[in-house]
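# Observations on chain architecture
The residues making up each chain are set out below.
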Amino acid sequence: LCTAVGYHSPGLLLPKIPLIDYSIDNGKNWTISVLSSVLGIGGELAGVSCDRGNSCVTVGALYINNRSVPQSYYSTDNGQNWDPSTPFSLAPGDT
């Protein structure tokens, strides 16, 4: 299994859309996993890690009210479906 994360930029004035792609044939063909929790919200994902079992985690940020808010997602089926992790807690003044 291969998993890649990043974003799609649909246009100059439109927000970036977080993307997760996975492949079950060593990268020959790829399928996009849709993060339903971010539909209509801009953001991007910057890293992903999967163990030798079925678990993966990805980290990045969502753009909410002109602010970058840290966000992570987890998968228990080799990256095919994703759910938001518990939100990060930021100290006052952190961005």
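Please refer to the structure higher up on the page.
A brief structural summary. No experiment lies behind these values; they were computed from the predicted model shown.

Per the secondary structure count, the protein includes zero helices and seven strands. When the helices and strands of the protein are read in sequence order from the N terminus, they spell out β-β-β-β-β-β-β. Residues counted as buried form 24% of the 95 residues belonging to the protein. Within the protein, contacts between residues separated by at least 24 positions form 33% of all contacts whose residues are at least 6 apart in sequence.

Within a beta sheet, neighbouring strands are joined by backbone hydrogen bonds and run either parallel or antiparallel to one another. Strands sit in the order β1-β2-β3 across an open sheet of three strands; the sheet is antiparallel. Of all the strands in the sheet, the pair left with one neighbour each is β1 (2–8) and β3 (31–33). Strand after strand, the sheet turns through a mean of 35° between neighbouring axes, direction not considered. Alignment of β1 against strand β2 (residues 17–23), held across seven bridges, turns out to be antiparallel. Note on β2: the bridge partner recorded for C2 is S23.

Moving on to the pattern of salt bridges. Think of it this way: side chains of opposite charge can pair up when their charged atoms draw near. Here the structure, examined in full by the defined rule, presents one salt bridge. In this structure, E44 and K16 form a salt bridge, with 3.1 Å as the shortest nitrogen-oxygen distance. One end of the pair, E44, is in strand β4 (residues 42–50); the other, K16, is in the loop between β1 and β2, with 28 residues separating them in the sequence. A relative accessible area of 24% means that E44 is categorised as partly exposed. The class of K16 is partly exposed, set by a relative accessible area of 26%.

Before going further, it helps to spend a moment on the pairing of β4. Put simply, side chains in a regular strand alternate between the two faces of the sheet. Direction of pairing for β4 relative to strand β5 (residues 56–64): antiparallel, over a ladder of eight bridges. Within the sheet, the bridge partner assigned to S49 lies in β5 and is V57. The hairpin formed by β4 and β5 contains five residues between the paired strands.

This part covers the environment of I32. By the secondary structure assignment, I32 is in strand β3. Judged by relative accessible area, which is 53%, I32 ranks as exposed. Each C-alpha atom, one on I32 and one on G79, is 9.8 Å from the other, the two residues being 47 residues apart in sequence. I32 has contacts with L19, I20 and D21, leaving out every residue within four places of it along the chain.

The next point concerns the side chain of S33. Locating S33 in the fold gives a position in strand β3. One polar contact links the side chain of S33 to the main-chain carbonyl oxygen of G79, over a distance of 3.0 Å.

What counts and how
Residues numbered from 1 in each chain as written. Predicted model: local features only at pLDDT ≥ 70, side-chain atom pairs only at ≥ 80, totals over all residues. Heavy atoms only, no water. Helix = DSSP H or I, 4+ residues; strand = E, 2+ residues; numbered from the N terminus. Buried < 20%, exposed > 50% of the residue type's maximum accessible area, 1.4 Å probe, protein only. Contact = heavy atoms within 4.5 Å. Pairing = 2+ DSSP bridges. Axes fitted to C-alpha atoms, helices over the stretch in contact; angles between N-to-C directions. Salt bridge = Lys/Arg side-chain N within 4 Å of Asp/Glu carboxyl O. Polar contact = N/O pair within 3.5 Å; in protein donor to acceptor, adjacent residues only side chain to side chain.

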